[in-house]
Amino acid sequence: MIFHASNCYIPARATFHLLCLPFSKNCTSSFPLGGNIEKQYLESVGGSLSDLDKIVKRVGTGSSEDEVFQSLMHDQTCNSIHLTHSLVDKLLHRFKDDWKSALGFFKWANSRSIYEHNPESYDMMVDILGKMKQMDKMRDLIEEMCKGNFVTLNTISKVMRRLAGAGKWEDAVKTFDDLGNFNLEKNTESMNLLLDTLCKANKVEQAREIFLELKSHISPNANTFNIFIHGWCKVNRVDEAHWTIQEMKGYGFRPCVISYSTIIQSYCLQSNFHRVYELLDDMEANGCAPNVVTYTAIMCSLAKSDELDEALQIPDRMRAAGCKPDTLFYNSLIHALGKAGRVKEAIHVFKGEMPAVDVYPNTSTYNTMIAMFCHHGQGQNAFTYMKEIENSPICKPDAQTYFPLLKLCFKTGKTDTHLSRLLDDMVNKQHLSLDICTYTLLIHGLCRANKCEWAYLLFQEMIGREMTPRKRTCSLLLEEIKQKGLHDAVDKMEGYMKQMRAT
C-alpha cells in the first residue's frame, strides 16, 4: 500500500536524551540535554510527575531486571506510591517490549506488603516474557503462579502461543498434555486453543494429526473446523479448506459467515477475484449472507491490487444487501479513496457520512487520515488531525499515528524542531516508545540528514534493549560514522556486527 501507516507497533520505553537531543554542532534541536527536557515537559503539563511517570523515570535507570528492582526498592518516592492493579497493568503495558524493565518492576510490585498481583497481571508478565523469548523465566513465573493457583486457561493459551511463535511447537503440545498439572481440563475449549496455536504457527498438518488422536474422546465444535479452515488458508491450501467445510457438514455443523469469509480472504490474497465473487454467490445461495467483515476484506484487497474503481463499488453492493458499515469498513474505504487520490471524498466520509450513520472513528481511522495527508504532502492537515485525536474523548494516538509524521519530517528536511517535538510528544505525552521499525526509520533518516551521532546513540539504545538491527541499518550507520571519523563508535559497531554474524 502506498501511504498506509506502518504495521509496526511502537510500545515500551525510550530515554529522554536519545530521542530529543542534539549530539553535535551539526545536530541542532529545540531541546537541550535530558534534565532540561524533563523540566520543559513538567512545565508543559503544568505540574509534577504522575505516579506512572515517577516509576518510569526510576525504572529507566536500570539496565537489568535486578538493577530495576533494586532501583525501585531504594527509592522513597516510588515506595510511597499506592499501587493499584490499574496502575500496574498500565506500566506492564508500557514495558511490554522491554522484559527487563517489566520483570524488575513486576518483582518490586510483588514485594510490596500492601499489594498483591492478580491473575491478569501475571498473565501480562507471562506474555511479555514469552514474546521476548525468555522461556526459562516464563517457566519460572508459571511455577510461582501454580503456588497461588493463578494459572488459568488464558495463561496456558499465552504460553502455548509464545512457544509456538518461538518455533517450539512440540513444547506447546507438551503444555497441553500437562494441563492436569495445572488443575485444568482437556476439553473442547482447550483442544481448540492448541489447534489454533498450531495452525497460526503454520503447523496445520501437525494440528490435524493431534485432532485425529483427540477426537475420539474430545468432541469438536463448529469453531474447531473454522480453525482448520483458517489454518489451511494460511498455508495457501484452499482445497483442504473447502474439504473441511464438507467435513464440518458431516459432523452436523452448518458453515457460517466466518467459514466462507476466511476462504474469501484467501482468494483475495491471491487476487483471484473471480473465485471471490463465485463464493459470494454460493454464500447467498446457502442462506449465509456476507457480513461487513466479508465486504471489508474484499474492498481492501481490491484496493491493494489497484482495482480502485471496483473497490469503490463495494459500498454500493453492501448497502444493496442491507449490510450496515462499521468503523473498520470506513477505515478501509478512506484508505481506498486516499489511494485513488480522492482526498476530498475521504474527508467527506470522515466528517459527513460517518457521523450521519452514528459510526464513530477510532484510532485507526485517524491514523489512516493522517497517513493519507502525509502521503499527499498535506502536512498541515495531518497535524490538524493529530491535534484532533489528542483532544478526542473516544480515542487517543498510538505509535502508528506518529509513524507517517516522522517520515514526513525526514521527507521535508524538518529534522530539528519538528522531529524532536514529535518524539517528545510520543514519549512523554502519550507514553509510547520505539520498536525496531521506528528505530530503523529514525536511524536511516538521521544518517541521510547528516546526523549520524544521534543515529548512533539510538542504535546503542536499540541493541541495549536486545533488539537485533537489520544488516542494512548496520552497514549504513557504519559507513556514516566512518566518514565522520568516529573511531570509537566504528570499533564498537564492527565488534557488534562480528558478534551478530557469529550468532
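Everything discussed here concerns the structure shown above.
Residues numbered from 1 in each chain as written. Predicted model: local features only at pLDDT ≥ 70, side-chain atom pairs only at ≥ 80, totals over all residues. Heavy atoms only, no water.

Let's talk about unusual backbone geometry
Put simply, the test is: A run of H or I in DSSP counts as a helix once it spans at least four residues, and a run of E counts as a strand once it spans at least two, with each numbered from the N terminus. The buried label goes to any residue with under 20% of its type's maximum accessible area, the exposed label to any with over 50%, and the partly exposed label to all in between, with areas taken from a 1.4 Å probe on protein chains only.
At Lys133, a position not held by glycine, the phi torsion is positive, near 60°. Relative to the assigned elements, Lys133 resides in the loop between α8 (119-131) and α9 (135-147). Given a relative accessible area of 53%, Lys133 falls into the exposed group.

Things to note about the nonpolar core
Here is a general trend for soluble globular proteins: nonpolar side chains tend to be buried in one another's company. What counts, and what does not: To define a nonpolar core, start from buried Ala, Val, Leu, Ile, Met, Phe, Trp, Tyr and Cys residues and group those joined through side-chain atoms within 4.5 Å. The contact criterion used throughout is that any non-hydrogen atoms of two residues lie within 4.5 Å.
Counting 154 residues, the largest nonpolar core has Ile55, Phe105 and Leu477 as the members making the most contacts within it. With eight residues, the top contributor of residues to this core is helix α25 (residues 399-412). Dropping the residues within four chain positions of it, Phe105 is found in contact with Ile55, Val59, Val68, Leu72, Val88, Leu91, Leu92 and Phe95.

Re helix α29 (residues 471-483)
Applied cut-off: Given a helix with a known number of residues, its expected span is that number minus one, times 1.5 Å. Arc definition: it is the arc formed by the directions from the helix axis to the C-beta atoms.
If you check α29, its first and last C-alpha atoms are 19 Å apart, about what 13 residues at 1.5 Å a residue would give, namely 18 Å. Among the residues making up α29, those that are buried are Thr473, Cys474, Leu477, Leu478, Glu480 and Ile481. Summarising the axial view, the buried residues of α29 lie within an arc of 165°, below the 170-degree limit, and thus occupy one face. In α29, the exposed positions angled more than 90 degrees off the buried face are occupied by Lys471, Arg472 and Gln483. Its buried side turned inward, α29 meets α27 (436-448), α28 (452-464) and α30 (487-502). The first or second residue beyond α29 is Gly485, which carries a positive phi of 75°.

Some words on the pattern of salt bridges
For clarity, the cut-off: For this document, the term salt bridge refers to a Lys or Arg side-chain nitrogen within 4 Å of an Asp or Glu carboxyl oxygen.
In this structure the tally under the stated criterion is 26 salt bridges. Salt-bridge contacts for Asp196 lead to Arg161; the nearest nitrogen and oxygen are separated by 3.0 Å. Here Asp196, found in helix α12 (residues 188-200), pairs with Arg161, found in helix α10 (residues 153-165); they are 35 residues apart in sequence, far enough to count as distant. For Glu453, the salt bridge identified is with Lys484, shortest N-O distance 3.4 Å. Of this pair, Glu453 sits in helix α28 while Lys484 sits in the loop between α29 and α30, and the two are 31 residues apart along the sequence. With relative accessibility at 14%, the residue Glu453 sits in the buried group. A cluster of three or more residues bridged by salt bridges with shared partners is formed by Glu65, Lys107 and Lys137.

Some thoughts on helix α7 (residues 99-111)
Compared with an ideal rise of 1.5 Å per residue, which puts 13 residues at 18 Å, α7 spans 18 Å between its outermost C-alpha atoms and is within 8% of the ideal. When you tally the buried positions in α7, you get 10 out of 13 residues, the bulk of the element. Turning to α7, its buried residues are Trp99, Lys100, Ser101, Ala102, Leu103, Gly104, Phe105, Phe106, Trp108 and Ala109.

Quick look at the packing of α10 against helix α11 (residues 169-177)
We apply this condition: Only the stretch in contact is used when a helix axis is fitted, and all axes are lines through C-alpha atoms; the angle between N-to-C directions ranges over 0 to 180 degrees. Should an angle fall under 35 degrees it is taken as roughly parallel, and over 145 as roughly antiparallel, whereas 65 to 115 is taken as roughly perpendicular and any remaining angle as oblique. By definition, turning the near helix anticlockwise from the far helix through less than a right angle yields a left-handed crossing, and turning it clockwise yields a right-handed one. Three classes are used: nonpolar for Ala, Val, Leu, Ile, Met, Phe, Trp, Tyr, Cys and Pro, charged for Asp, Glu, Lys and Arg, and polar for all others, with Gly counted as polar.
As a packed pair, α10 and α11 sit with axes 7 Å apart at the nearest point and diverge in direction by 160°. Taken as axis vectors, α10 and α11 run roughly antiparallel relative to one another. Where α10 crosses over α11, the handedness of that crossing is left-handed. Seen from α10, the contacting residues are Ile156, Val159, Met160, Leu163 and Ala164; seen from α11, they are Trp169, Asp171, Ala172, Thr175 and Phe176. Tallied by class, the residues present in the contact of α10 with α11 amount to eight nonpolar, one polar and one charged.

Describing the packing of aromatic side chains
Geometry of an aromatic ring pair is reported as the spacing of the ring centres plus the angle between the planes. Counted only if it meets this: Working definition: rings of Phe, Tyr and Trp (its six-membered ring) pair if their centres are within 6.5 Å, and the pair is stacked with planes under 30 degrees apart, edge-to-face with planes over 60 apart, and tilted otherwise.
In the structure shown here, the tally under the stated rule is 14 aromatic pairs. Between Phe225 and Tyr251, the aromatic rings sit 5.1 Å apart at their centres with planes inclined by 45°, giving tilted as the arrangement. Of the two residues, Phe225 sits in helix α14 (residues 222-234) while Tyr251 sits in the loop between α15 (238-250) and α16 (257-269), which places them 26 residues apart along the sequence. A centroid spacing of 5.2 Å and a plane angle of 75° characterise the contact between Phe350 and Tyr366, whose relative ring orientation is edge-to-face.

A short note on the side chain of Thr294
For clarity, the cut-off: Pairing of N or O atoms within 3.5 Å defines a polar contact, subject to two protein rules: one partner must be a possible hydrogen donor and the other a possible acceptor, and residues neighboring in sequence count only if both atoms are side-chain atoms.
Within the secondary structure, Thr294 sits in helix α18 (residues 292-304). Separated by 2.9 Å, the side chains of Thr294 and Asn291 make a polar contact. Each residue touching Thr294, except ones within four places of it in the same chain, is listed here: Val257, Ser261, Ile264 and Leu280.

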